[in-house]
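Listed below, chain by chain, are the residues.
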Amino acid sequence: MPDQDATRWNARYLQDARYATFTAARPFLVEHAVYLPHSGLALDVAMGLGGNAGFLLDCGLQVVGVDISWVALQQAKARLPHLQAVLADLTNFYLPEARFDVILNFYYLQRTLWPQFQRALRPSGLLVIETLTRAMLDSHPDFDPDFLLKPGELRQAFSNWQILVYHEGWVGRDTDHPRAVASLVARLP
Ligand SMILES: C[S@@+](CC[C@H](N)C(=O)[O-])C[C@H]1O[C@@H](n2cnc3c(N)ncnc32)[C@H](O)[C@@H]1O
């Protein structure tokens, strides 16, 4: 499965022009940048082409970006020379303890990472997550529901954190690719 993921994502980044837009930071991150520290170490899991990582670098953070696609990492690193790019399969990856000030997790759902986020953040560390929900099935019945959040699932999973922002709904309705998402900004208690 991870091999297939790598092959699929490498092909997308090489061949599908739509993915070129991944070089922009996600609006949810930009809109809530007020919560970000101005220094420290950030981790961006399933980073993709580094739109969010570049935004964090501009904010003054050091950034480690992990992804299974060497194409994505190569392109991100070419644009962002200060990025620490790590080629790894997150389904077989263990985060170090109390190491990061910020963790980003955008548009990649792997529930087994969630307890690791708690362990890997430093005290008062910030977690920012946005990913697709099962409301996507209305327009994309072919999507695998296991990779889509259930209603309220994200808020429930982080209910013992200090939740700063949480919402579920549609984003990008004015684009060709509207997305049903849950979005969370939370701090380690
Ligand atoms: C939808 S993209 C999201 C990219 C970026 N976070 C964003 O929001 O623009 C999903 C990313 O997850 C990566 N990915 C998929 N499976 C992975 C795995 N097992 N380990 C690490 N990265 C993975 C893909 O290569 C791809 O870059």
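The structure reproduced in this document is the subject of the present report. Note that the coordinates shown come from a computational prediction; the quantities given were computed from them, not determined experimentally. (Residues numbered from 1 in each chain as written. Predicted model: local features only at pLDDT ≥ 70, side-chain atom pairs only at ≥ 80, totals over all residues. Heavy atoms only, no water.)

## So, the environment of Gly172
Link 1 in the chain: In this fold, Gly172 is placed in the loop between strand S6 (162-171) and strand S7 (179-187).
Link 2 in the chain: The spatial distance from the C-alpha of Gly172 to the C-alpha of Leu95 is 32 Å, given a sequence separation of 77 residues.
Link 3 in the chain: Apart from residues no more than four positions distant in its own chain, Gly172 is found in contact with His177 and Pro178. (Helix = DSSP H or I, 4+ residues; strand = E, 2+ residues; numbered from the N terminus. Contact = heavy atoms within 4.5 Å.)

## Points about the sheet that holds strand S5 (residues 121-132)
Link 1 in the chain: With respect to topology, 7 strands assemble into an open sheet ordered S3-S2-S1-S4-S5-S7-S6, the strand pairing being mixed. With partners counted over all chains shown, the strands left at the sheet margins are strand S3 (84-87) and S6, one partner each. The average undirected angle you get between the axes of adjacent strands in this sheet is 15°.
Link 2 in the chain: In the sheet, strand S2 (residues 62-67) pairs with S3 via 4 bridges, with the strands oriented parallel. Bridging from a neighbouring strand, Val64 pairs with Gln84 of S3.
Link 3 in the chain: Where helix H4 (residues 70-79) meets the sheet, its contacts fall on S2 and S3, and the angle it forms with S3 comes to roughly 170°. (Pairing = 2+ DSSP bridges. Axes fitted to C-alpha atoms, helices over the stretch in contact; angles between N-to-C directions.)

## Let's talk about the side chain of Arg26
Link 1 in the chain: Looking at the element boundaries, Arg26 is found in the loop between helix H1 (2-15) and helix H2 (27-31).
Link 2 in the chain: Within the buried core, Arg26 has no salt-bridge partner, and the shortest N-O distance to an opposite charge, that of Glu130, equals 5.7 Å. (Buried < 20%, exposed > 50% of the residue type's maximum accessible area, 1.4 Å probe, protein only. Lys, Arg positive; Asp, Glu negative; His and termini not counted. Salt bridge = Lys/Arg side-chain N within 4 Å of Asp/Glu carboxyl O.)

## Quick notes on the nonpolar core
Link 1 in the chain: Core analysis: the biggest nonpolar cluster contains 28 residues, and Phe117, Leu127 and Leu154 have the highest contact counts within it.
Link 2 in the chain: Of all the secondary-structure elements, those providing two or more residues to this core are strand S1 (41-45), S2, strand S4 (100-106), helix H5 (114-120), S5 and S7.
Link 3 in the chain: Excluding anything up to four places from it in sequence, Phe117 contacts Val45, Leu95, Ile103, Asn105, Leu127, Ile129 and Trp161.
Link 4 in the chain: Membership of the second largest hydrophobic core comes to 22 residues, among which are Leu29, Leu36, Leu83 and Val165. (Core = buried A, V, L, I, M, F, W, Y, C linked by side-chain atoms within 4.5 Å.)

Note that every value here comes from positions in space, so none of it alone points to a role or purpose.
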